[in-house]
Structure formats: C-alpha cells, structure tokens
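Summary of the model geometry
Each chain, letter by letter, is given below.
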Amino acid sequence: MGERTLSILRTNYFSYALAASCAERNTPNGKQHIVDYVVLSRDKQMPIAIRRLARHACLDHGLTDEQIATMVKSKTKTCWGKDFYE
C-alpha cells in the first residue's frame, strides 16, 4: 500500500474528531481506493453525548448503521492503565 492521507471530516474542536484515511492499493484487477474512518476522542471512554455526535457525523458522511457497528473499538482504557486525572 502506498502513501496515506488523513482528512478531518468533522470535529467540535473540543472532544472528538471524525477522520478519513485514504490510500491506493494495487490489485490484480488494477488500483483500488481504500478509505478507513477513524473517530478520535480526548476521553478514554467517550460520554454518550459525544458518542452521539460522532455517530451522527459518521451517518452524515455516508456510513451506515451496520458499518458503524463493525468499527473496531480500541482498548485504551485497559491499555493505558490507571488514569491519574479521574
């Protein structure tokens, strides 16, 4: 896979951002365009209000409920250990 670009599609500049990462991949049938969607957050566990904003941003950019449901959720809460600011 070649070079990837990252574009911020929507953000509230405070708690979340929806981004798309694009790349071209060579296949036996020619080039294929790949798009990965990423939701970034300042919180390890996003509050429900922020999750709703991110979900609506995904829907507005053409993702379906089924696609949103299959997005891979990170395990940052267990990965990062104790949060000294909680």
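Higher on the page you've got the structure.
Not measured: the values here are computed from a predicted model.

Take unusual backbone geometry next. Positive phi, normally seen in glycine, also occurs at tyrosine 13, with a value near 60 degrees. Classification of tyrosine 13 by relative accessible area gives exposed; the value is 72%.

Here we take up the sheet that holds strand S1 (residues 5–11). Strand order in the open sheet formed by three strands is S1-S2-S3, and the pairing between neighbours is antiparallel. Sheet topology places S1 and strand S3 (30–41) at the edges, where each strand pairs with a single neighbour. Sheet twist, expressed as the mean angle between neighbouring strand axes with direction ignored, is 25 degrees. Here strand S2 (residues 16–27) runs beside S3; their pairing, made up of twelve bridges, is antiparallel. When the sheet's bridge partners are listed, tyrosine 16 is paired in S3 with serine 41. Helix-sheet contacts for helix H1 (residues 48–60) involve S1, S2 and S3, and the interaxial angle to S2 is about 40 degrees.

So, about the side chain of serine 15. Note that serine 15 resides in the loop between S1 and S2. Ignoring anything within four residues of it in the chain, the contact list for serine 15 reads Leu40, Ser41, Arg42 and Ile50.

This part covers the nonpolar core. Membership of the largest hydrophobic core is limited to eight residues, which are Tyr16, Leu18, Ile50, Ala54, Ala57, Cys58, Leu63 and Ile68. Sorting the residues of this core by element identifies S2 and H1 as the ones contributing at least two each. Considering every element that reaches this core, the biggest residue donor is H1, with four residues. With sequence-adjacent residues up to four places away left out, tyrosine 16 is seen in contact with Arg10, Thr11, Leu40, Ser41, Ile50, Leu53, Ala54 and Ala57.

Across six bridges, S1 lies against S2 in antiparallel orientation. Bridged to serine 7 within S2 is alanine 20.

Looking now at the pattern of salt bridges. Counted by the stated rule, this structure contains three salt bridges. A salt bridge links aspartate 36 to arginine 4; the nearest nitrogen and oxygen atoms lie 2.5 Å apart. Here arginine 4 lies in the segment before S1 and aspartate 36 lies in strand S3, a separation of 32 residues in the sequence. You can call arginine 4 partly exposed: its relative accessible area is 33%. Across the pair aspartate 65 and arginine 55 runs a salt bridge, and its minimum N-O distance is 2.6 Å.

Calculation rules
Residues numbered from 1 in each chain as written. Predicted model: local features only at pLDDT ≥ 70, side-chain atom pairs only at ≥ 80, totals over all residues. Heavy atoms only, no water. Buried < 20%, exposed > 50% of the residue type's maximum accessible area, 1.4 Å probe, protein only. Pairing = 2+ DSSP bridges. Helix = DSSP H or I, 4+ residues; strand = E, 2+ residues; numbered from the N terminus. Axes fitted to C-alpha atoms, helices over the stretch in contact; angles between N-to-C directions. Contact = heavy atoms within 4.5 Å. Core = buried A, V, L, I, M, F, W, Y, C linked by side-chain atoms within 4.5 Å. Salt bridge = Lys/Arg side-chain N within 4 Å of Asp/Glu carboxyl O.

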